[in-house]
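Chain residues, written in single-letter form:
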Protein chains: 2
Amino acid sequence: MKKKRITLKDIARETGVHVSTVSRALDPIERKSITDDVANRIQAAAERLGYRPNRIAAGLRTNRTMTVGVMIPDITNLVFPPILRGIESVLEPLGYAAIIVNTDSERDREVRLLDVLRDRGVDGIIHAAVLRSDPSIARAAQDGLPVVTLNRKVEQSTIPSVVNDEDAGICEMLRHLKELGHTRIAHIAGPQELSTGQLRLSAFRKAADDQAIEVDEALIRVATRFNEEDGARCLLELLDGGNVFTAVLCANDRLALGAIEALRDRGIDCPGQISVSGFNDMPLLDLIRPKLTTVRIQQYEAGRTAAKLLMRLVNSAEDDAIPLETVLPVELVARESTAPVAAGGPSSR
Amino acid sequence: MKKKRITLKDIARETGVHVSTVSRALDPIERKSITDDVANRIQAAAERLGYRPNRIAAGLRTNRTMTVGVMIPDITNLVFPPILRGIESVLEPLGYAAIIVNTDSERDREVRLLDVLRDRGVDGIIHAAVLRSDPSIARAAQDGLPVVTLNRKVEQSTIPSVVNDEDAGICEMLRHLKELGHTRIAHIAGPQELSTGQLRLSAFRKAADDQAIEVDEALIRVATRFNEEDGARCLLELLDGGNVFTAVLCANDRLALGAIEALRDRGIDCPGQISVSGFNDMPLLDLIRPKLTTVRIQQYEAGRTAAKLLMRLVNSAEDDAIPLETVLPVELVARESTAPVAAGGPSSR
DNA sequence: TTATGTCATGCAATCGATTGCATACACGGA
DNA sequence: TCCGTGTATGCAATCGATTGCATGACATAA
């Protein structure tokens, strides 16, 4: 039942030429070194027989698989699907396919999955997992495997990276809150072992400093995970700590959504009494009330950019200067969850 | 700079044996045919040199790539990431990796991407794209490529499929609404060129019939896409058509969310005046008010089941009887968007 | 001691495409 | 007619691992 695969040899037999001639006739670049007549006959035979090149065999010889690896923490995290579509939008037209693996941000999984990719001979890797410092990926890059990182830099390496301008996003959000009259601004930070968590917290500190906003350490809570539960927990801790604040800048949307839920449970109005802001502008956000003020990150574009960079690395001439860092702009999206500070000004609760 | 890859030949030279001996020593099954002493020396050398098998070369010889293809319509659709994690949870421990492609439900893309997968010599395909009837995937299966479909069956084929019990879900939801006193129940159906859209509409008709609920064709609107805009549009058409109804059973959650938004815009209370139900139980649903009553589908489990089936196909003994259809149970999740019909009973608007 | 059997290991073909080099043929000029 | 040049095509090695078969060593039994 199993239909036999058509190979170059079959076409060679059919057209009475040598396999190498067939190989050349079917290669758009080499084709010109073959008589048109012969090349056409070969082409016709290939189509008639339904020839499909065996990339495995070609890959063994050429050391190119036309496949790249993509490492992300978790595909169920809403930010990643658009990134993947962005990557695919670049790779697919060029004939590349992607093997996607989820690291769950675990070091040993990451190491193991990196081997999974290397064993399959991927031509390059886009690494969007957010563990800080990572010797294995750096080693892979040193071994000559093209690597691009997304949303995080590997310290002291020459691995090109694509990052969103998170600093600017935090800064703009802080300015937005300040302009609404807020002065007592809390921050629910993300996990500090993730680079986004760490980055946004330090950006918050720096932006506050720049804008002469006092940073009360009591108003900073660090979440252990980027989810609603932890956002709610942190907000309740802020409230129960007897702190005075009129706005909460959260390190991502899910923390913000959890915070808003916690406020609702306590009967505190958002944005009437307390403003809340998020980060990422994840999908479906405009279905949730109040609509969340957040910072939009160009996920799709980031994926595209990373993929284009990788393609340049993979096919690079020696003299092609690859930018080491590409920063993509972000955009503040003011919706309903932030509002001018209430008339009476901040009061203790 | 580029470090040379370690091959069997390197280990053979190092240990003074033939490559075939090395190959056998490193194969857990063949290992027993080798003297322990030699096998250990080889093992040690392999580890010392950091040997990693070249799956490309092995694949050429054995025609196994330890890679499978996964075809889905669109990874940014929330139902698919959990399915992929389910698939991965089965494949990864067995040493398989997945190449994921998005078809966007377009026939020519689907055909092209199928070739992308076949060219890379995938050992099998999990097909979760929902176009009805599809000659190319059937042909692939006939050529001997193991294929499993998810959430849709290819007509008149022997391709094993995994489906969720959508009929039962629709039926239960209808019973739920009936028990709340609703008799005039509208249906916002999904696109009829997608199998889920079609399936759920016919399930609705059948369930209504079984439960002696009158089906008013004027109360059935067919959306052209599974999104909020179309849900809203369909609901407004229902309202503006001067129809009388107290509940809307929607073919998926996004249509339902759009419908609820449209109701809100019109100042109609949900569930006070009109109940709305969804389908799928997508993530983040409990953040949206009113919390949507819906049917929970086991996405992760469906992915696992499909992957397990595929693994059986790939490694099947001839006499292994593969179930042609696996139906997974669904679960009604009653939340806040459905309520008893208002006291006065249905009234025209 | 020889025959027989067993088991470990080596040999070489194979998978399918690519590619540097060799060869053969055509054509033009002297 | 002969040589030179160019170009179309063939030849064969190669990529790295797998595997059927051959071989050789050693042991046991006759």
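Being a predicted model, the structure only gives us computed values, none of them experimental.

1. Focus: the overall build of chain A
Inference 1: Each helix and strand in chain A was counted, giving 12 helices and 12 strands.
Inference 2: Compactness check: chain A gives a C-alpha radius of gyration of 26 Å against a globular reference of 20 Å for 349 residues, more than 25% above the reference.
Inference 3: Reported as C-alpha extents along the three principal axes, the dimensions of chain A are approximately 90 × 40 × 35 Å.
Inference 4: In chain A, 70% of the contacts between residues at least 6 apart in sequence involve partners at least 24 apart.
Inference 5: For chain A, the computed accessible surface area is about 15,300 Å², with 50% contributed by carbon and sulfur atoms.
Inference 6: The positive charge centre, built from 45 side chains, and the negative charge centre, built from 49, are 7 Å apart in chain A.

2. Brief notes about the domain arrangement of chain A
Inference 1: The domain architecture assigned to chain A consists of domain 1 (8-53), domain 2 (63-159 + 299-328) and domain 3 (166-293).
Inference 2: Of note, the centres of domain 1 of chain A and domain 2 of chain A, computed from C-alpha atoms alone, are 36 Å apart.

3. Observations regarding the protein's contact with DNA strand D
Inference 1: What surrounds DNA strand D is a group of 23 residues, the closest being Thr21 and Thr35 of chain A together with Leu8, Tyr51 and Arg61 of chain B.
Inference 2: Backbone atoms, meaning sugar and phosphate, make up 62% of the atoms of DNA strand D lying within 4 Å of the protein.
Inference 3: In the environment of DNA strand D, a phosphate oxygen lies 2.3 Å from a nitrogen or oxygen atom belonging to the side chain of threonine 21 of chain A.
Inference 4: Taken together, the elements giving at least two residues each to the surface near DNA strand D come down to helix H2 (19-26) and helix H4 (55-62) of chain A together with helix H2 (19-26) and helix H4 (55-62) of chain B.

4. What about the environment of serine 33 of chain A?
Inference 1: Positionally, serine 33 of chain A belongs in the loop between H2 and helix H3 (36-49).
Inference 2: A polar side-chain atom of serine 33 of chain A sits 2.8 Å from the main-chain carbonyl oxygen of glutamate 30 of chain A.

5. Looking at the relation of the copies chain A and chain B
Inference 1: Once turned by 180° and shifted 0.0 Å along the axis, chain A lies on chain B with an RMSD of 0.0 Å. This pairing of chains is accounted for by a two-fold axis.
Inference 2: Take the interface residues of chain A: 100% of them recur as interface residues in chain B, which is what a same-surface contact looks like.

6. Considering the protein's contact with DNA strand C
Inference 1: In the neighbourhood of DNA strand C, 24 residues make up the surrounding shell, with Leu8, Tyr51 and Arg61 of chain A together with Thr21 and Arg24 of chain B lying closest.
Inference 2: Counting only atoms of DNA strand C within 4 Å of the protein, the fraction found in sugar and phosphate groups is 63%.
Inference 3: Interatomic distance of 3.0 Å between a side-chain N/O atom of serine 23 of chain A and a phosphate oxygen of DNA strand C.
Inference 4: Contacts to DNA strand C include threonine 35 of chain B, whose side-chain N or O atom sits 2.7 Å from a sugar or linking oxygen.
Inference 5: Going through the elements one at a time, H2 and H4 of chain A together with H2 and H4 of chain B are the ones with two or more residues in the surface near DNA strand C.
Inference 6: For the surface near DNA strand C, the leading source of residues is H4 of chain A, giving 5 residues.

7. Details of the interface of chain A and chain B
Inference 1: In this complex, chain A contributes 56 residues to the contact, which on the side of chain B involves 57 residues.
Inference 2: Taken together, both faces of the contact between chain A and chain B bury some 4,500 Å²; the carbon and sulfur share is 54%.
Inference 3: Across the chain A-chain B interface, the total number found is 16 salt bridges.
Inference 4: Taking the shortest distance from any N to any O, the salt bridge between arginine 85 of chain A and aspartate 104 of chain B comes out at 2.8 Å.
Inference 5: For the pair chain A and chain B, the interface holds 21 residue pairs in polar contact (both at pLDDT 80 or more).

8. Quick word on helix H1 (residues 8-15) of chain B
Inference 1: Considered for burial, the residues of H1 of chain B that qualify are Asp10, Ile11, Ala12 and Thr15 of chain B.
Inference 2: Within two residues after H1 of chain B, glycine 16 of chain B carries a phi angle of roughly 75°, on the positive side.

9. Focus: the nonpolar core
Inference 1: Grouped together as the largest cluster of nonpolar side chains are 66 residues, with contacts concentrated most on Ile188 and Val276 of chain A together with Ile188 and Val276 of chain B.
Inference 2: Contributions of two or more residues to this core are made by strand E6 (185-189), helix H10 (228-240), strand E8 (247-250) and helix H11 (253-265) of chain A together with strand E6 (185-189), helix H10 (228-240), strand E8 (247-250) and helix H11 (253-265) of chain B.
Inference 3: Contacts of valine 276 of chain A, omitting those with residues within four sequence positions, involve Val248, Cys250, Ala256, Ala259, Ile260, Leu263, Cys270, Leu292, Thr293, Ser337 and Thr338 of chain A.
Inference 4: Counting residues in hydrophobic clusters, the runner-up holds 56 residues, among them Val70, Leu84 and Ile100 of chain A together with Phe80 of chain B.

Rules used throughout
- Residues numbered from 1 in each chain as written.
- Chains lettered and ligands numbered in written order.
- Predicted model: local features only at pLDDT ≥ 70, side-chain atom pairs only at ≥ 80, totals over all residues.
- Heavy atoms only, no water.
- Helix = DSSP H or I, 4+ residues; strand = E, 2+ residues; numbered from the N terminus.
- Rg over C-alpha atoms; globule rule 2.2 N^0.38 Å.
- Contact = heavy atoms within 4.5 Å.
- Areas by Shrake-Rupley, 256 points an atom, 1.4 Å probe, with all protein chains shown as cover.
- Lys, Arg positive; Asp, Glu negative; His and termini not counted.
- Charge placed at Lys NZ, Arg CZ, Asp CG, Glu CD.
- Domains from an automatic or database assignment.
- Near = heavy atom within 4 Å.
- Polar contact = N/O pair within 3.5 Å; in protein donor to acceptor, adjacent residues only side chain to side chain.
- Least-squares fit on C-alpha atoms with pLDDT ≥ 70 in both.
- Buried area = accessible area lost by both parts, 1.4 Å probe.
- Salt bridge = Lys/Arg side-chain N within 4 Å of Asp/Glu carboxyl O.
- Buried < 20%, exposed > 50% of the residue type's maximum accessible area, 1.4 Å probe, protein only.
- Core = buried A, V, L, I, M, F, W, Y, C linked by side-chain atoms within 4.5 Å.

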